[in-house]
Each structure stands twice: as C-alpha cells, then as structure tokens.
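One letter stands for each residue in the lines below.
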Amino acid sequence: MRVGVMIGAERGDMARKVRKFLEDIEWAESAGFDTAWMPQVPNDFDALTMVALMATRTDRIELGTAVVPLQAQHPIALARQALSVHAGSGGRLALGVGPSHHWIIRDMLGIPYERPAAYTRDYLEVLNAAIAGPGPVDVENDSFTVHNPTVLGTDDTPMPVLVAALGPVMLQIAGELADGTVLWMADERAIGEHIAPRITKAADNAGRPAPRIIAGIPVCLCANSEIEVAKERANRILGEAEVSPNYQRLLERGDARDVGDLCAAGDEEAIMARFRRFADAGVTDLSVRLLPIGETRDELVASKYRTREVIAQLAADLR
C-alpha cells in the first residue's frame, strides 16, 4: 500500500497559502511519500492550478486531485486542462473527479444535481475519448453531443482517471470506465465489504486492470489517552457527513459513525495498526489528512510536525 498526504485547504491569506503549499509539497517529496492529493473545496484554490504549481517544485511524487467536480466544466475543457498539467508535470498527474454533492452543485453553483451517476457515465465517455487522443472526439450520449476536431494526447505516460465512487452504481461506473476510486468517509469494513469487491468485479468484467482504491483518512499522532480529543477535533473541523447524504449512506456500510471514528489517532503503533487494516481491506493508496491537536497555535504547529514525521516513517515501513 502506498501512502500519500493531502496538501491544501487551510486557512490564511492567499499569498501565504501559496507559499505554504509549495513548502509542504517540497517536504512531501523529500520525505519520500508516494503521492500528494490536492482537495477541491468550494472556498479554496483550484486544485489543478495548484497541482501545476506543485509540479514546478518536485520531480518524482505523483500529484492528484481529490476531486474536481464534473458539473463545473465541459469534459473537453477538463481534458485540455488536465492534459496540460499532466504534460507540465512530466506525466505525474492523477486526475480525481466526481459528481460532488447537492449542497455544492445545486445550492452553491445553481446547477441541476439530477441523476449524478448517469451524468458521470456520460461525462467519462467524453473525457476518456479526449485523453485517449490525439485525434477527434466524437461522442453522443444523453448528456453530450461532442464533435471536437482534436485534443492533445498523453504520449508515453497515461494519465490515470479516478472517480469518487461511493454507491453501487457509481462503483460499477468507476470500475468500467476509470482507473480506480478516491474515497472519503470510508472505513475498513465499508471498503472491504462494499467498495473493493464491487469496483474490482466491475473492472474485471470490463477487462480493465485491478483498480486503485485511494482512501482519505485523518491522522493524529497523540498519546492514547488523547484519542477522544483527536476524534472530537476531527468531527469539529471535518464534519462534511452532517450535510452530505452521500457520505451518510457510506457510513452506514461500515462501523464508523462520523469522521472522528475514521481518524487514525494514537501512538505510532496504533496508527500503524490502523494503516494495516486499511491495506487488508483492499486499499492500494492512503491519502493522509494531518490532524494536529493542541490548545495554542504553537502546540498545533508542533503537533503537525510530529505527526508528519512519524507518518513519513510509517509510510517507508509499509513499502
């Protein structure tokens, strides 16, 4: 199992955050992590733009988006942007996409959020044709009528496309038309009993390679007596499940009741044990969201640095 880190979506002014992004990605590569994942959240930077910037400071690490909402741009436009970033990064982009949630697409953007799974299938038909170029894209389905004369190709380094797939239909689509799935709010049981079997079977039936399963989890290095404190902090700052029916349905597939339960918290042994359970469930990649704890800013900063150094060592031990 490969281990990567989430970079981004932190508070602060824009200029400071750019500097912080670049410092963090430089550290992630130097620490030996396999991947870095840039979340796309409604009130923060454009993920693909930030990946392009991070590529200028790195040479090896895979750079992924987690995830780009499909409804916000036409698949030809997304293919053009993603292929440009992929080429600029030396073939290191993993394009994570998904249909997002009603509270982002409908309530914030004013775009219909109807039949998201069917829309995703239609979108991927166009996107896959575009990234398979160079050459014309001619796709007609219920959502798109595309006759685009030419798009760029991926040359010698294919660009993986990963889909945020939580329910059975989306997992079927991801297995058939993508290279894997990017997850949030999925614990070990949900992955082992629901996600991994469905997406793997769909990929096998479609004649595709075994899919990647990227699981995003918060991680907090702390004394075992502080685990409940870490879980409470995770629930306070990462509580998307409270407003996202998609996540709520996924939680029902596992043992975790909230993001606090999903958090890998405790000492090094406790965190490593949790990592191994995810690997045993079928996870191919972990995406770690560092979760510091403390009463003051200095304590939070110190906690973050302790956590990330330990995670880097655990990642090396898992190889």
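Residues numbered from 1 in each chain as written. Predicted model: local features only at pLDDT ≥ 70, side-chain atom pairs only at ≥ 80, totals over all residues. Heavy atoms only, no water.

The chain has the name Luciferase-like domain-containing protein in an unreviewed UniProt entry, where Mycolicibacterium thermoresistibile is given as its organism.

Further remarks concern the side chain of Arg274. For Arg274, the location among the structural elements is in helix α11 (residues 268–281). Residue class for Arg274 comes out buried when judged on its relative accessible area of 10%. Apart from residues no more than four positions distant in its own chain, Arg274 is found in contact with Glu188, Asp261, Leu262, Cys263 and Ala264. (Helix = DSSP H or I, 4+ residues; strand = E, 2+ residues; numbered from the N terminus. Buried < 20%, exposed > 50% of the residue type's maximum accessible area, 1.4 Å probe, protein only. Contact = heavy atoms within 4.5 Å.)

Turning our eyes to something else, we now look at the packing of aromatic side chains. Ring pairs (aromatic) are described by centroid distance and by the angle formed between their planes. Considering all chains together, one arrives at 5 aromatic pairs under this definition. Ring plane angle 55 degrees and centroid distance 5.2 Å describe the contact between Trp27 and Phe33, whose orientation is recorded as tilted. By relative accessible area, Trp27 is classed as buried at 12%. According to the relative accessible area criterion, Phe33 is buried, its value standing at 1%. (Phe/Tyr/Trp six-rings, centres within 6.5 Å; stacked < 30°, edge-to-face > 60°.)

Turning to the pairing of strand β3 (residues 62–66), a few remarks are in order. Taken across its 5 residues, β3 has 4 buried, putting it largely inside the fold. Taken together, the 5 bridges between strand β2 (residues 35–39) and β3 define a ladder with parallel strand orientation. Within β3, the residue paired with Thr35 across the bridge is Glu62. A crossover links β2 with its parallel partner β3, the connecting element being helix α2 (residues 47–55), and its sense is right-handed. (Pairing = 2+ DSSP bridges. Right-handed = clockwise from strand over helix to strand, strands pointing away.)

Before going further, it helps to examine helix α1 (residues 14–30). In a regular helix each residue adds 1.5 Å, so 17 residues correspond to 24 Å; α1 covers 25 Å between its end C-alpha atoms and thus fits that length. Regarding α1, the residues found buried are Lys17, Lys20, Phe21, Leu22, Asp24, Ile25, Trp27, Ala28 and Glu29. In this structure, the buried side of α1 is in contact with β1 (2–6), β2, α2, β3 and α12 (297–318). Downstream of α1 by a residue or two, Gly32 has a phi angle that is positive, lying close to 90 degrees. (Expected span 1.5 Å × (residues − 1).)

This part covers helix α7 (residues 188–205). Compared with an ideal rise of 1.5 Å per residue, which puts 18 residues at 26 Å, α7 spans 24 Å between its outermost C-alpha atoms and is within 8% of the ideal. Residue Ile195 marks the point of greatest curvature in α7, where the axis turns by about 35 degrees; the proline Pro197 follows within four residues. Inspection of α7 places Glu188, Ala190, Ile191, His194, Ile195, Ala196, Ile199, Ala202 and Ala203 among the buried residues, and these make up the whole buried set. Lining the buried residues of α7 we find α6 (168–177), β9 (180–184), β10 (212–221), α9 (245–251) and α11. (Bend = angle between axes of the 7 residues up to and from the residue.)

Where strand β6 (residues 135–140) meets strand β7 (residues 145–151), 5 bridges bridge the pair, whose relative direction is antiparallel. In the sheet register, Val139 faces β7, and the bridge partner there is Val146. Linking β6 to β7, which pair antiparallel, is a turn of 4 residues.

Let us now look at the environment of Glu29. Note on placement: Glu29 falls in helix α1. When the C-alpha positions of Glu29 and Arg60 are compared, they lie 7.1 Å apart, and in sequence the two are 31 residues distant. In terms of polar contacts, Glu29 uses its side chain to reach the backbone amide nitrogen of Asp59, at 2.8 Å. (Polar contact = N/O pair within 3.5 Å; in protein donor to acceptor, adjacent residues only side chain to side chain.)

Below, the discussion takes up the state of the cysteines. Per the stated rule, a full pass over the model turns up 0 disulfides. With no disulfide partner, Cys220 has as its closest neighbouring cysteine sulfur the one in Cys222, 4.2 Å distant. Since its relative accessible area comes to 0%, Cys220 is described here as buried. There is no disulfide at Cys263, and the cysteine sulfur nearest it, in Cys220, is 5.9 Å away. Look at Cys263 and you get buried, because its relative accessible area is 5%. (Disulfide = S-S within 2.5 Å.)

Note on placement: Thr35 falls in strand β2. A polar contact is formed between the side chain of Thr35 and the side chain of Trp37, at a distance of 3.0 Å. Sequence-distant contacts of Thr35, that is, excluding residues within four places in its chain, are made with Arg2, Val3, Gly4, Val5, Ile61, Glu62, Arg212 and Asp285.

Per the counting criterion, the structure on display carries 21 salt bridges. Arg319 is paired through a salt bridge with Asp34; the nearest N and O atoms lie 3.6 Å apart. Here Arg319 is found in the segment after α12, whereas its partner Asp34 is found in the loop between α1 and β2, with 285 residues between them in sequence. Judged by relative accessible area, Arg319 falls into the exposed class, the value being 51%. We classify Asp34 as buried; its relative accessible area is 17%. Among the ionic pairs, Lys231 bridges to Asp261, the shortest N-O distance being 3.2 Å. Residue Lys231 is found in helix α8 (residues 227–237), and its partner Asp261 is found in helix α10 (residues 259–262); the two are separated by 30 residues along the sequence. Here Asp261 falls in the partly exposed class, since its relative accessible area comes to 25%. Residues participating in the shared-partner salt-bridge network are Lys20, Asp24, Lys304, Arg308 and Glu309. (Salt bridge = Lys/Arg side-chain N within 4 Å of Asp/Glu carboxyl O.)

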